[in-house]
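# Remarks on the overall topology
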Amino acid sequence: MTQHITLREVGLRDGLQIVKTIVPTQAKMEWIREEYSAGVKEIEVCSFVPAKLIPQFADSTEIVADSLRIRGLTVSALIPNMKGAQRGVELGVHKLNYVMSVSEGHNLANVRRTVAESLEDFSNIVAMLREVPAGSRPKLSGGLSTSFGCTIEGRVSEDRVVELAERLVESGADEIVIADTVGYGGPHAVRRVFERVLARVGSVPVFAHFHDTRGLGLANAVGALDAGVRYFDATLAGLGGCPHAPGATGNVVIEDLAFLCETMGYATGIDIGKLVAVRHILARELPNEKLSGAIAVAGLPREFPKAAASA
Ligand code: ZN
């Protein structure tokens, strides 16, 4: 039987958070709608950070409300803390994506807390969510940034990644995200870490989140697939980047990742041609951003749909 791979679009958050041009709300909704109709069933639509920190997310309330009208779409949002979690509950998002870093230095820089404080914050969010009636309670994802290295601290311990993933699940995470935030990972390390994490917390979905900063995004995705990962974050046209690596490419390109999965015999449920077409919105709204991706340039192989179906 063909195994299914879930690809989650995170470009409206991970991509837009570093883009200076403010994308109009209507264009963001056009992006969300078109991508959903191309077969992407979960989209991280925004981040609940104060608008004065990242003006790009000033329209979060409207974006969430409009996204929730798309029947069948899982609407998720990034939360840095309890305040973000409470806002997510108020607005009725389906999933809250909590983020913390494995390395102390990155966690302090990103969310201004120690790792221990972030774990405590996470437990408090779980307790808060338990008070929300089951029917309107969002799922809670626990994300671990800098899992394969850190621009501030360098090497990150694999034991520590596994330990923190376990701690988050024990605390009540419904899902885990292991992220190579800065593009330090390679396919062997990726395979090793995900095999270990899946062995310990495989009872919940484990997402892989890769950046293509050093060109290894898709290679790392193969490492994760081989380890048994079936959930991935990615962005349209690879939108995104890294404030510490100017000019670097962004997240893994979702169109190319869908192609990779299909060539390996997995089903993504995505119409890749339709997905590529959504790039017209980015080209129009962000004329100064670099749009990455190979399928958008070369097109799908002629025999592709047949080959994928028989794989
Ligand atoms: Zn990222």
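Residues numbered from 1 in each chain as written. Predicted model: local features only at pLDDT ≥ 70, side-chain atom pairs only at ≥ 80, totals over all residues. Heavy atoms only, no water.

## A short note on helix 7 (residues 158–171)
An α-helical turn contains 3.6 residues, so any two residues separated by three or four positions project in the same direction. In plain terms, the rule: A run of H or I in DSSP counts as a helix once it spans at least four residues, and a run of E counts as a strand once it spans at least two, with each numbered from the N terminus. In this analysis, the expected span of each helix is defined as 1.5 Å times one less than the number of residues it contains. Note on exposure labels: buried denotes an accessible area under 20% of the residue type's maximum, exposed denotes more than 50%, and partly exposed covers the range between, all computed with a 1.4 Å probe on protein chains only. Contacts were defined at the residue level, with two residues in contact if any of their heavy atoms lie within 4.5 Å.
Taking 1.5 Å per residue, 14 residues should reach 20 Å; helix 7 reaches 20 Å between its end C-alpha atoms and fits that length. Taken together, the buried positions of helix 7 are Val161, Val162, Leu164, Ala165, Glu166 and Leu168. In this fold, the buried residues of helix 7 make contact with strand 4 (95–101), helix 6 (115–130), strand 5 (139–145), strand 6 (175–180) and helix 8 (187–201). Remark: glycine 172 follows helix 7 within two positions and exhibits a positive phi of approximately 125°.

## Quick word on the layout of surface pockets
Defined as follows: Of the grid points, spaced at 1 Å and generated over the protein atoms alone, those admitting a 1.4 Å probe that cannot get out make up cavities, while open sets with protein on both sides within 12 Å along at least five of seven lines make up pockets; any residue with an atom within 4 Å of a point is treated as lining. Grid points are joined across faces, edges and corners, and a volume is the space filled by probe spheres set on the points. The nonpolar class holds Ala, Val, Leu, Ile, Met, Phe, Trp, Tyr, Cys and Pro. Asp, Glu, Lys and Arg form the charged class, and all remaining residues, Gly among them, are polar.
Considered as a void within the structure, the largest pocket measures approximately 1200 Å³ in volume. Contributing to the lining of the largest pocket are 43 residues, with Gln17, Ile54, Leu78, Val99 and Asn110 lying nearest its centre. Per element, the largest residue contribution to the lining of the largest pocket is four residues, and it comes from helix 5 (residues 104–111). Along the lines of polarity and charge, the residues of the lining of the largest pocket split into 19 nonpolar, 14 polar and ten charged.

## Quick word on unusual backbone geometry
Positive phi, close to 55°, is recorded for arginine 112, a residue that is not glycine. For arginine 112, the location among the structural elements is in the loop between helix 5 and helix 6. The phi dihedral of threonine 146 is positive, around 50°, even though this residue is not glycine. Within the secondary structure, threonine 146 is located in the loop between strand 5 and helix 7.

## With respect to the pattern of salt bridges
Should their charged atoms come close, side chains of opposite charge can pair. Test applied: Basic side-chain nitrogens of Lys or Arg form a salt bridge, by our definition, when they fall within 4 Å of a carboxyl oxygen of Asp or Glu.
Counted by the stated rule, this structure contains 20 salt bridges. Measuring nitrogen to oxygen at the nearest pair gives 2.5 Å for the salt bridge that ties arginine 113 to aspartate 121. Judged by its relative accessible area of 14%, arginine 113 falls in the buried class.

## Digging into helix 10 (residues 254–263)
In terms of residue burial, helix 10 counts as a mostly covered element, since eight of its ten residues are buried. Taken together, the buried positions of helix 10 are Ile254, Glu255, Asp256, Leu257, Ala258, Leu260, Cys261 and Glu262.

## A look at the coordination of the zinc ion
Expected angles at a metal are 109.5 degrees for tetrahedral coordination by four donors and either 90 or 180 degrees for octahedral coordination by six donors. Test applied: Donors, by definition, are the N, O and S atoms found within 2.8 Å of a metal, the threshold being 3.2 Å for Na, K and Ca, and water is not counted, so a site can look incomplete.
Bound to the zinc ion are the protein donor atoms Asp14 (OD), His209 (NE2) and His211 (NE2), situated 2.0 to 2.1 Å from the metal. Taken in sequence order, the residues that donate to the zinc ion follow the motif D-x194-H-x1-H. One end of the pair, aspartate 14, is in helix 1 (residues 11–15); the other, histidine 209, is in strand 7 (residues 206–210), and 195 residues separate them in sequence. Accessibility expressed as a relative area gives 5% for histidine 209, which makes it buried.

## Topic: the side chain of serine 145
You can see serine 145 is positioned in strand 5. Apart from the residues within four sequence positions on either side, serine 145 is in contact with Val99, Met100, Ser101, Val102, Ala179 and Thr181.

## Observations concerning the environment of glutamine 17
Residue placement: glutamine 17 occurs in the loop between helix 1 and helix 2 (25–37). The exposure class of glutamine 17 is partly exposed, given its relative accessible area of 27%. For the pair glutamine 17 and valine 89, spaced 72 residues apart in sequence, the C-alpha separation works out to 22 Å. Not counting residues up to four positions away in its chain, the partners in contact with glutamine 17 are Ile54 and Phe57.

## Considerations on a negative patch on the surface
Quick note on the threshold: A residue counts toward a patch only above 30% relative accessible area and without a salt bridge, and it is joined to like-charged neighbours within 9 Å or, for Val, Leu, Ile, Met, Phe, Trp and Tyr, to nonpolar neighbours within 5 Å. Note on areas: these come from Shrake-Rupley sampling with a 1.4 Å probe, and a residue is covered only by the protein chains present in the view. Counted as positive: Lys and Arg. Counted as negative: Asp and Glu. His and the chain ends are not counted at all. To locate a charge, take atom NZ for lysine, CZ for arginine, CG for aspartate or CD for glutamate.
Together, Glu104, Glu117, Glu120 and Glu153 give the surface a local cluster of negative charge. Its place among the elements puts glutamate 120 in helix 6. For glutamate 120, a relative accessible area of 53% gives the class exposed.

## Digging into the packing of aromatic side chains
To be explicit about the condition: To pair, rings of Phe, Tyr and Trp, with the six-membered ring standing in for Trp, must have centres within 6.5 Å; the planes then decide the type, stacked if under 30 degrees apart, edge-to-face if over 60, and tilted in the middle. A ring is scored as having a charge over it whenever the NZ atom of a lysine or the CZ atom of an arginine sits within 6 Å of its centre and within 35 degrees of its normal.
A full pass over the atoms with the stated rule returns five aromatic pairs. Both rings, one in phenylalanine 207 and one in tyrosine 231, keep their centres 5.1 Å apart while their planes meet at 40°; by these two values the pair is tilted. Here phenylalanine 207, found in strand 7, pairs with tyrosine 231, found in strand 8 (residues 231–234); they are 24 residues apart in sequence, far enough to count as distant. Aromatic rings pair up to connect Phe148, Phe194 and Phe210 into one cluster. One Lys or Arg, arginine 8, reaches over the ring of phenylalanine 207 and ends 3.8 Å from the middle of that ring.

## Looking at the nonpolar core
The following threshold applies: The set of buried Ala, Val, Leu, Ile, Met, Phe, Trp, Tyr and Cys residues whose side-chain atoms join them within 4.5 Å is what this entry labels a nonpolar core.
If you look at the biggest cluster of nonpolar residues, it comprises 89 residues, and the most contacted ones within it are Ile178, Phe194, Phe210 and Phe232. With seven residues, the single largest contributor to this core is helix 6.

## Brief notes about the sheet that holds strand 5
Pairing between sheet strands relies on hydrogen bonds along the backbone, with the strands arranged either parallel or antiparallel. Rules: Criterion used throughout: strands pair if DSSP finds at least two bridges between them. Whenever a helix is involved, its axis is fitted only over the stretch in contact; in every case the axis is a line through C-alpha atoms, and angles between N-to-C directions fall within 0 to 180 degrees.
In spatial order, the strands read 1-2-3-4-5-6-7-8; together these eight strands close into a barrel with parallel pairing. Across the sheet, the axes of successive neighbouring strands diverge by a mean angle of 25°, strand direction being ignored. Note that strand 7 and strand 8 share three bridges and pair parallel. Residue pairing in the sheet places histidine 209 in a bridge with aspartate 233 of strand 8.

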